[in-house]
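One letter stands for each residue in the lines below.
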Amino acid sequence: MPQSIARVLIHTVFSTKGRESAFHDPAFRSEVQAYLGGCAKTLDCLPIQIGGVADHVHLLTTLSRTLAIAEFVKEIKRVSTN
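Residues numbered from 1 in each chain as written. Predicted model: local features only at pLDDT ≥ 70, side-chain atom pairs only at ≥ 80, totals over all residues. Heavy atoms only, no water.

(A) Representation of the overall build of the protein within the structure. From N to C terminus, the protein includes 2 helices and 3 strands. With the principal axes as the frame, the protein shows a C-alpha extent of 55 × 20 × 15 Å. Counting all 82 residues of the protein, 32% fall into the buried class. Within the protein, counting contacts between residues at least 6 apart in sequence, those at least 24 apart form 58% of the total. Surface accessibility of the protein: about 5800 Å² in total, with carbon and sulfur atoms responsible for 56%. Looking at charge distribution, the protein has the averaged site of its 9 positive side-chain charges lying 6 Å from that of its 7 negative ones. (Helix = DSSP H or I, 4+ residues; strand = E, 2+ residues; numbered from the N terminus. Buried < 20%, exposed > 50% of the residue type's maximum accessible area, 1.4 Å probe, protein only. Contact = heavy atoms within 4.5 Å. Areas by Shrake-Rupley, 256 points an atom, 1.4 Å probe, with all protein chains shown as cover. Lys, Arg positive; Asp, Glu negative; His and termini not counted. Charge placed at Lys NZ, Arg CZ, Asp CG, Glu CD.)

Encoded structure:
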């Protein structure tokens, strides 16, 4: 029986609370981006590109077969607030 293979890519963008410039320091910004990449990996979602500016974050990731988009966004936003 033939096998179906699919890859879903998600571009997630979210901002800081009140659009504060929380990521104005480039060193801190890259640390947070690396942390978010690790969090995506633990959710079995491969981080492809992570970036952003002082007041928002962009994540381009794959989506795990066992995870809904809403669950992914909820978990990424939850861990990023801490």
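(B) Local environment of the pairing of strand β2 (residues 47-53). Where β2 and strand β3 (residues 56-62) come together, 6 bridges link them in antiparallel fashion. The residue bridging Ile50 from the neighbouring strand is Leu59, located in β3. Counting the residues that bridge the hairpin from β2 to β3 gives 2 residues. (Pairing = 2+ DSSP bridges.)

(C) The arrangement of the nonpolar core in detail. Residues Leu59, Phe72 and Ile76 are the most contacted members of the largest nonpolar core, which totals 17 residues. Among the elements that make up this core, the one with the highest residue count is helix α1 (residues 26-42) (4 residues). Contact partners of Leu59, with chain neighbours within four places excluded, come to Ile10, His11, Thr12, Phe14, Leu36, Gln49, Ile50 and Ile76. (Core = buried A, V, L, I, M, F, W, Y, C linked by side-chain atoms within 4.5 Å.)

(D) Representation of the environment of Thr62 within the structure. Within the secondary structure, Thr62 is located in strand β3. You can call Thr62 buried: its relative accessible area is 9%. Along the backbone, Thr62 and His11 are 51 residues apart, and their C-alpha atoms lie at a distance of 8.9 Å. Those residues in contact with Thr62 that sit more than four places away from it in its chain are Arg7, Val8, Leu9, Cys45, Leu46 and Ile48. Side-chain polar atoms of Thr62 contact the backbone nitrogen of Leu46, separated by 2.8 Å. (Polar contact = N/O pair within 3.5 Å; in protein donor to acceptor, adjacent residues only side chain to side chain.)

(E) Spatial organisation of the packing of α1 against helix α2 (residues 69-81). Running from N to C, α1 and α2 point in directions that differ by 140 degrees, and their axes come no closer than 10 Å. The angle between α1 and α2 places the two elements in the oblique class. Pair α1 / α2 crosses with right-handed handedness. Each of Tyr35, Leu36, Cys39 and Ala40 in α1 lies in contact with α2, whose residues at this interface are Phe72, Ile76, Val79 and Ser80. In terms of residue class, the contact of α1 with α2 is made up of 7 nonpolar, 1 polar and no charged. (Axes fitted to C-alpha atoms, helices over the stretch in contact; angles between N-to-C directions. Parallel < 35°, antiparallel > 145°, perpendicular 65-115°, else oblique. Left-handed = near helix turned anticlockwise from the far one by under 90°. Nonpolar A, V, L, I, M, F, W, Y, C, P; charged D, E, K, R; others polar.)

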